[in-house]
Amino acid sequence: MLNRRILRVKAFQNLYAFEQCKGSNLNIARDFIRESFLPDLNSMEVQDKPALTRDAEEAVKLFDQNLENESLLKSSEAKTKIKQVVLQALKQVRAANEKDHDFMLRNMVASAERIPQLYLLAIELLQAFAKHVEKDIEKKKRLAGDNPVAFSNELNLANNQVLRNIRESQPYRAAIARNNVNLDDIELEIKEWFRDYIKTSETYQEYVNLAEPTIEQDFEAVDDLLKKVIFKNDVILTYFSEKDLNWTENKAVVRSLASKVLKNAVGSEESEGDQMPEIAINWEEDKEFFQNIFNFTIENDALSRSLIAQKTKNWDIDRLAYTDKIIISMAIAEMKHFPSIPVKVSINEYIDISKTYSTPKSKQFVNGLLDVLAKELTESGQIRKSGRGLLDNK
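Residues numbered from 1 in each chain as written. Predicted model: local features only at pLDDT ≥ 70, side-chain atom pairs only at ≥ 80, totals over all residues. Heavy atoms only, no water.

Bringing the overall build of the protein chain into the picture now. Along the backbone of the protein chain there are 16 helices and zero strands. Counting only residues that meet the buried cut, the protein chain has 46% of its 394 residues in that class. Sequence-distant contacts in the protein chain: of pairs separated by 6 or more residues, those separated by 24 or more amount to 75%. When the accessible surface of the protein chain is split by element, carbon and sulfur atoms take 49% of a total near 21,600 Å². (Helix = DSSP H or I, 4+ residues; strand = E, 2+ residues; numbered from the N terminus. Buried < 20%, exposed > 50% of the residue type's maximum accessible area, 1.4 Å probe, protein only. Contact = heavy atoms within 4.5 Å. Areas by Shrake-Rupley, 256 points an atom, 1.4 Å probe, with all protein chains shown as cover.)

Right, here's the structure in full:
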């Protein structure tokens, strides 16, 4: 399954991208303001360049002051043109931010929903290599005729018990059909990749030298090929990146889930129903969580920044690690708006995200700040926990 930790990470990635978009939109708006006060080269009148420059800077300052609301703009004694340009710039940046927000939200959900297809493609690639070996050996046998040529070890990949268990799994076949997974468009590439990357790999050479590999050895072989060849080779990875615009962010998750499918296939027949790591136990419910954590974090941005600033008085909030601000804001939003998730669970999840995506010292910083904020928000009644196994305000 795609657990909520993965969903939190993807929400974080898209929030980070959204913040970058907002920064770009601000710069574009400021550029628009300055361009609005450039000398008119077509005018016959004398252009007062210093005055125009002063008007431009005054407009930029007024623009920055009114990003949250337009109260200062309405009461400003600035020139009419300055106020008009600032108002236009504010409308432009807000429209751009709204457009980027909607795109990021859609992209975030679509990216998560695409993950099953990607890890199934990785497994199907292993299956395709196994099938290629089988066809190749059959061809060699026909050419060899009655010659006593031994091909048994070369068939190890074709006879791989883990891949066979997966192929024969009803949940796997259903998932392949449901996610429209096939490799029909890369038949030639599969032959080339096997020849150039699989067959020449140390893992494969060691594997074909095994006389009668156990199912554990079968697993180790295909898992190694998955991680050390498929997910390391730039040519093969280009194929995946062309399937997914978010491949850079999804790669680690896809590799982990594909490996889990292989590992599950080592188990008994009774575990067949657990072979497929679904996108979520209840995707509709988790998708709502996914979207809400994204939206609540954005909606509570001003409040979160204020809370962070109060606890970091010796620091300019703009000097804090960009990622830390997003991680802490997400944690605050989750603690406040998801009463069934224990505070400690939320804190631990975002500490883990900070380990991967922020600075080396972020773990301690995020942990300490969230502990303090959680205690104060709970005491003030802004965090209230309730539900199965939870007590209010715990």
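So, next bit.
All right, on to the environment of Leu163 then. By the element assignment, Leu163 lies in helix 5 (residues 161-167). A sequence separation of 37 residues divides Leu163 from Leu126, and the C-alpha atoms of the two residues are 7.9 Å apart. Sequence-distant contacts of Leu163, that is, excluding residues within four places in its chain, are made with Leu126, Gln127, Ala130, Leu157, Val222 and Leu262.

So, on to the pattern of salt bridges. For the structure shown, the criterion picks out 18 salt bridges. As a salt-bridge pair, Asp55 and Lys79 come within 3.1 Å of each other at their nearest N and O atoms. On the criterion of sequence distance, the pair formed by Asp55 in helix 2 (residues 49-65) and Lys79 in the loop between helix 3 (71-75) and helix 4 (80-144) is long-range, its members being 24 residues apart. On the basis of relative accessibility, which here comes to 49%, the residue Lys79 falls in the partly exposed class. It is possible to trace a salt-bridge network through shared partners that takes in Arg5, Arg8, Glu334, Glu349, Asp352 and Lys355. (Salt bridge = Lys/Arg side-chain N within 4 Å of Asp/Glu carboxyl O.)

This brings us to the confidence of the model for the protein chain. The pLDDT averaged across the protein chain works out to 87; a share of 90% of its residues lies at or above 70. Long-range and interchain partners of residues 268-273, a stretch whose pLDDT sits below 50, account for six contacts in this model, where long-range means more than four residues apart. (pLDDT = per-residue confidence, 0-100.)

Relative to the helices and strands, Arg114 resides in helix 4. Owing to a relative accessible area of 24%, Arg114 belongs among the partly exposed residues under this scheme. Look past the residues within four positions of Arg114 in its chain and what remains in contact with it is Lys243, Asp244 and Asn246.

Another aspect to go through is the nonpolar core. Membership of the largest hydrophobic core comes to 56 residues, with the highest contact counts inside it found for Leu125, Phe129, Leu157, Val162, Phe240 and Leu262. Looking at this core, the elements that each hand over two or more residues are helix 4, helix 5, helix 6 (170-178), helix 7 (187-198), helix 8 (202-208), helix 9 (215-230), helix 10 (234-243) and helix 11 (247-264). Residue contributions to this core peak at 14 residues, all from helix 4. If you look at the next biggest cluster of nonpolar residues, it comprises 43 residues, including Trp283, Phe290, Leu320 and Ile353. (Core = buried A, V, L, I, M, F, W, Y, C linked by side-chain atoms within 4.5 Å.)

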